[in-house]
Amino acid sequence: MEKLEQLYEGKAKKVFKTDDPKLLIVDYKDDATAFNGEKKGQIAGKGAVNNVMSNIIFQLLEQKGVPTHFVEQLSQRETVVKAVKILPLEVIMRNVSAGSFAKRYGVEEGIVFDQPTFEFSYKNDDLGDPLMCESHALALKLATAEQIETIKKYASIVNETLKEFFLDKGLKLIDFKIEFGLFDGEVILADEISPDTCRLWDVKTNEKMDKDRFRRDLGNVEETYQEVLKRVQK
Ligand code: UDP
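The structure reproduced in this document is the subject of the present report. (Residues numbered from 1 in each chain as written. Predicted model: local features only at pLDDT ≥ 70, side-chain atom pairs only at ≥ 80, totals over all residues. Heavy atoms only, no water.)

Another aspect to go through is the sheet that holds strand β1 (residues 6-9). Think of a sheet as strands paired side by side through backbone hydrogen bonds, with each pair either parallel or antiparallel. The five strands are arranged β1-β2-β3-β7-β6 in an open sheet whose pairing can be described as antiparallel. Since the sheet does not close on itself, it has two edges, and those belong to β1 and β6 (70-73), each with one partner. For this sheet, the mean angle separating the axes of adjacent strands, direction not counted, is 25°. Packing against the sheet, helix α1 (residues 46-63) makes contact with β3 (23-28), β6 and β7 (78-82), and its axis sits at approximately 130° to β6. (Pairing = 2+ DSSP bridges. Helix = DSSP H or I, 4+ residues; strand = E, 2+ residues; numbered from the N terminus. Axes fitted to C-alpha atoms, helices over the stretch in contact; angles between N-to-C directions. Contact = heavy atoms within 4.5 Å.)

Shown next as structure tokens:
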């Protein structure tokens with residue numbers, strides 16, 4: 001399968017048409033952004049890590065009953081995916097306090113929750129991806145009630161599956177963001193699952209093994225992405 005014209009270039013990926021209107025090719029970049037694009041940089045090798053890691057995880061999730069956009073990996077950076085219409089909702093689940101949760105509620109990072117939390121952000125860069133409650137998503141017709149139920153069901157499976165998967169690799173799944181799209185009218189998991197979109201802390205040291213190393217200038221950014229991929233591939 002070959003890349004035809006470029007359809008779109010986002011912050012972390014380029015998307016190309018193929019000769020099949022139902023399939024696209026995504027090409028993962030090394031570009032990194034944070035704080036809604038305010039901080040920009042490059043993480044050498046990130047594109048390959050995020051591509052390969054997402055594909056491993058999407059195939060695992062398919063086995064657990066979550067349909068995904070994954071079709072076939074073409075190279076270290078390129079993957080054939082189903083052409084979906086992305087729902088403009090970022091779905092965030094948390095097992096431990098961190099990031100915007102800790103900031104919003106004025107609590108420390110590292111509080112282990114009895115139950116995972118579930119939230120939506122409105123995927124809209126101009127507005128800075130604001131937190132959004134379900135009734136507002138329904139009011140704006142961003143998704144139907146049935147689609148939201150499906151999203152919640154799939155997100156819980158993703159959390160349970162990935163918590164166990166990462167723990168086995170010596171990583172605690174603190175929180176993550178996922179995105180869904182519509183393909184032939186059905187909700188499927190799209191976008192990526194990587195150290196850009198998950199918080200992962202080392203089980204033994206609690207060291208941050210994710211994009212917070214870039215966001216917070218913690219150093220060893222490239223090395224950490226490679227280490228996460230190495231563990232995920234074991
Ligand atoms: N996240 C993401 N993209 C975003 C916002 C958040 O992938 O635009 C991920 C982030 O990496 C973390 C989780 O979602 O794993 C929760 O992020 P949070 O709401 O704490 O926001 P942040 O602190 O990243 O601004």
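What follows covers the pattern of salt bridges. The tally for this structure, following the rule as stated, stands at 30 salt bridges. Between Lys123 and Glu179 there is a salt bridge whose closest N-O contact spans 3.2 Å. Note that Lys123 is positioned in the loop between β9 (112-122) and β10 (131-132) and Glu179 in strand β11 (residues 171-183), a separation of 56 residues in sequence. The exposure class of Lys123 is partly exposed, given its relative accessible area of 35%. Lys177 is the partner of Glu179 in a salt bridge, and the nearest nitrogen-oxygen pair spans 2.8 Å. With respect to burial, Glu179 and Lys177 carry one shared label: buried. (Salt bridge = Lys/Arg side-chain N within 4 Å of Asp/Glu carboxyl O. Buried < 20%, exposed > 50% of the residue type's maximum accessible area, 1.4 Å probe, protein only.)

Don't take any of this as a statement about function, it's just geometry.
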